[in-house]
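Here are the chains, one letter per residue:
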Amino acid sequence: MATAANLDRPSDSLESFRQEARAWLEANFTPELRGADNAMSAVEGPSEETPAQRKWREAMGDKGWGVPTWPKEYGGGGLSREEARVLQEEMARIGAWNPIGGMGVMMFGPTLLEYGNEAQKREHIPGIVRGEVRWCQGYSEPGAGSDLASLQTFAEDKGDHYLVNGQKTWTSGGQWADKCFALVRTDKSQKHAGISFLLIDMTSDGVETRPIRLISGSSPFCETFFTNVKVPKENLVGREGQGWEIGTRLLQHERNSLSGGGGSAGRMSQGTSVPEIARKYRGTDAEGRLDDADLRTRIIKHEMDQRAFALTLRRAALEAKGNGGPSAATSVMKNVGARIIQDRAEINVEIMGMQGLGWEGEGFSSEELEQTRTWLMGKAVSIYGGSSEIQNNVIAKRILGMLDHQ
């Protein structure tokens, strides 16, 4: 017969974990790290870690809590969904941030856990868990962006290895990455069925990267060239011809991360709030409200949209974990998230006026100069990770069932 203690045991266990997490975080996260950032997520490239940041990364990596719900046998935290939520709450309580990130966490790791063989998981997942290996994505090509299935980078079967030749573009962080997960063509006679998913060491002979400088002044992307690059056969994920399936699944993880605040998009949505910026740069009336009623209304609408979106993301994340991963609904989230990020940047520039349009020189604060770059960088949010037009196609076909009729 169940007793009151038995019935309370799940919540008691969760409270016990909360105390464990709180004690561990307080022992390993030092107050001087509050307000710092993940060195692996910097738009301008990996920033150099301070000794304190390195110690924090290594502690979280050893604990596996940077990826709390990943399997413990590969170095992950092995936590339940509820425990991971408690951990997040305890980290937020003391201002702690996750030092483990990058494309390995956002996209490749979850995909490899689903499609990789045991040897591949044991080789690659631990380095991601500890934040020791940087990954980049080899998808888009000069002639295969929106129509990704037209990619031409070719992996020729040479018996015990593939010989890869071709070019990728918009390779985020390629110039700093250790390894690349790439879609390559292994069969020229078939479009989608001729694509495979290959892992390439970026230090291999024949790999060259050329950074692309953006209008925002940063160079987070690059062109990547593969010239007679030898790739071991064991670096093929799944089977030959399964690349389109695996690559599509990875894109769902990517869009889920981008819409949920991963990458530069997430950083743009953080920092000083719009109301705080408005109070600083605009006048107030006798009641302490912004004296521009129209601007006040638009700020309120933006704040409502942002908070409603955050709640929707939380619900979608719970549903995704219960249903075995993200779905095509991530395309909806990606589009909505991109619009909110761009709206925020536009409102902030309007609030700052000329001070929000500075590029360099005296007369501008660092916050104002950063806002200009954020506004410009935000124009790409609706393009990278799959353009809004591509997401609309996914929504129409896979969610609404609106198939093409010839």
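All of these numbers come straight from a predicted model, not from anything done at the bench. (Residues numbered from 1 in each chain as written. Predicted model: local features only at pLDDT ≥ 70, side-chain atom pairs only at ≥ 80, totals over all residues. Heavy atoms only, no water.)

1. A closer look at the nonpolar core
Membership of the largest hydrophobic core comes to 48 residues, with the highest contact counts inside it found for W56, F181 and F197. Among the elements of the structure, helix 1 (4-28), helix 2 (51-63), helix 3 (81-94), helix 4 (103-115), helix 5 (118-129), strand 4 (179-185), strand 5 (195-201) and helix 6 (243-259) are those that each provide at least two residues to this core. Looking at this core element by element, the count peaks at 8 residues for helix 4. With residues near it in sequence (within four places) discarded, F197 still touches F108, Y139, F181, A182, L183, N235, L236, V237, G243, I246, G247 and L250. With 16 residues, the next largest nonpolar core counts Y162, A182, F226 and L236 among its residues. (Core = buried A, V, L, I, M, F, W, Y, C linked by side-chain atoms within 4.5 Å. Buried < 20%, exposed > 50% of the residue type's maximum accessible area, 1.4 Å probe, protein only. Helix = DSSP H or I, 4+ residues; strand = E, 2+ residues; numbered from the N terminus. Contact = heavy atoms within 4.5 Å.)

2. What to know about the packing of aromatic side chains
By the definition in use, this model includes 10 aromatic pairs. Where F108 meets F181, the ring centres are 5.4 Å apart and the plane angle is 5°; that geometry is what we call stacked. With F108 in helix 4 and F181 in strand 4, this pair connects stretches of sequence that are 73 residues apart. Accessibility classification places F108 together with F181 in one group, the buried group. Seen from their ring centres, Y139 and F181 are 6.4 Å apart, and the 85° between their planes marks the pair as edge-to-face. Taken as a pair, Y139 in the loop between strand 1 (135-138) and strand 2 (154-157) and F181 in strand 4 lie far apart in primary sequence, 42 residues in all. The class of F181 is buried, set by a relative accessible area of 0%. Linked through ring pairs, F17, W24, F29, W56 and W65 together constitute an aromatic cluster. One cation-aromatic arrangement involves K188 over F154; the distance from NZ or CZ to the ring centre is 4.4 Å. (Phe/Tyr/Trp six-rings, centres within 6.5 Å; stacked < 30°, edge-to-face > 60°. Lys NZ or Arg CZ within 6 Å of the ring centre and 35° of its normal.)

3. Some thoughts on the packing of helix 4 against helix 5
Interaxial distance between helix 4 and helix 5 falls to 10 Å at its minimum, and their mutual angle equals 160°. Considering their axes alone, helix 4 and helix 5 lie roughly antiparallel with respect to each other. Note that helix 4 runs across helix 5; the crossing there is left-handed. Here G104, V105, F108, G109, L112 and L113 of helix 4 lie close against helix 5, whose contacting residues are Q120, K121, H124, I125 and I128. (Axes fitted to C-alpha atoms, helices over the stretch in contact; angles between N-to-C directions. Parallel < 35°, antiparallel > 145°, perpendicular 65-115°, else oblique. Left-handed = near helix turned anticlockwise from the far one by under 90°.)

4. Some thoughts on the pattern of salt bridges
What the rule picks out here adds up to 30 salt bridges. For the salt bridge of E118 with R122, the shortest nitrogen-to-oxygen distance reads 2.9 Å. Residue E118 and its partner R122 are both found in helix 5; the two are separated by 4 residues, about one turn of the helix. Among the salt bridges present, the one from R339 reaches D343, with a minimum N-O distance of 3.2 Å. Here R339 and its partner D343 are both found in helix 10 (residues 330-352), 4 residues apart, which amounts to about one turn of the helix. Residue classification places R339 among the partly exposed residues on the basis of a relative accessible area of 37%. One network of salt bridges, with partners in common, ties together E15, R18, R22, E26, E89, E90 and R93. (Salt bridge = Lys/Arg side-chain N within 4 Å of Asp/Glu carboxyl O.)

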